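# Overview (structure and organization)
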Amino acid sequence: MWRPDVEVLGPWELAVTPTLIVSTALATRDFQNVHHDRDAAVRLGGKDIFLNILTTTGLVQRFVTDALGPATDVRGIRIRLGTPCHAYDTLTFTGQVLPHGIEVVGRTAAGVHVSGTVEVAS
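Note that the structure is a prediction, hence the values are computed from the model and not measured. (Residues numbered from 1 in each chain as written. Predicted model: local features only at pLDDT ≥ 70, side-chain atom pairs only at ≥ 80, totals over all residues. Heavy atoms only, no water.)

Here we take up helix H1 (residues 18–27). Every buried residue belonging to H1 is among Ile21, Thr24 and Ala25, and all of these are buried. Considered in projection along H1, the buried side chains sweep an arc of 105 degrees and stay on one side of the axis. The exposed set on the far side of H1, more than 90 degrees from its buried face, consists of Thr19 and Ala27. In the core, the buried residues of H1 are packed alongside helix H3 (53–68). Immediately beyond the C-terminal end of H1, within one or two residues, lies Arg29, with a positive phi of roughly 60 degrees. (Buried < 20%, exposed > 50% of the residue type's maximum accessible area, 1.4 Å probe, protein only. Helix = DSSP H or I, 4+ residues; strand = E, 2+ residues; numbered from the N terminus. Arc of directions from axis to C-beta. Contact = heavy atoms within 4.5 Å.)

In structure tokens form, the structure reads like this:
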């Protein structure tokens, strides 16, 4: 359901735990070691395990549907990843309703993790 009375969404802060990262990677059948093995993630240049893109996409959708209501009809999501979102980061989502959709940004202390547009039915 479109809510024309809403112009700005958020903020929504999410504490990103290792359990969140591992469980959502497994739920999306992403078995890459950087999403569940800290030693491997560090050996490959990361500071810790980090969210996969499917989890990030789901969190973007949840942010919008939580703000606009569960009956919101999401028609498309176009996102771009930035800095990784590691275990123990706080991921903060904000959004703005624009004529072409909902612009969403998710940030950690390191910078923008995700940005993009969610298209919803009007």
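Attention shifts here to the packing of aromatic side chains. Per the stated rule, a full pass over the model turns up two aromatic pairs. Judged by centre distance (5.4 Å) and plane angle (20 degrees), the ring pair of Trp12 and Phe93 falls under stacked. With a gap of 81 residues between them, Trp12 in strand E1 (residues 8–15) and Phe93 in strand E3 (residues 90–98) connect regions that are remote in the sequence. According to the relative accessible area criterion, Trp12 is buried, its value standing at 18%. A residue is classified by how much of its surface remains accessible, and Phe93, at 0% relative accessible area, is buried. Each residue in the set Trp12, Phe63 and Phe93 is aromatic and connected to the rest through ring pairs, giving one cluster. (Phe/Tyr/Trp six-rings, centres within 6.5 Å; stacked < 30°, edge-to-face > 60°.)

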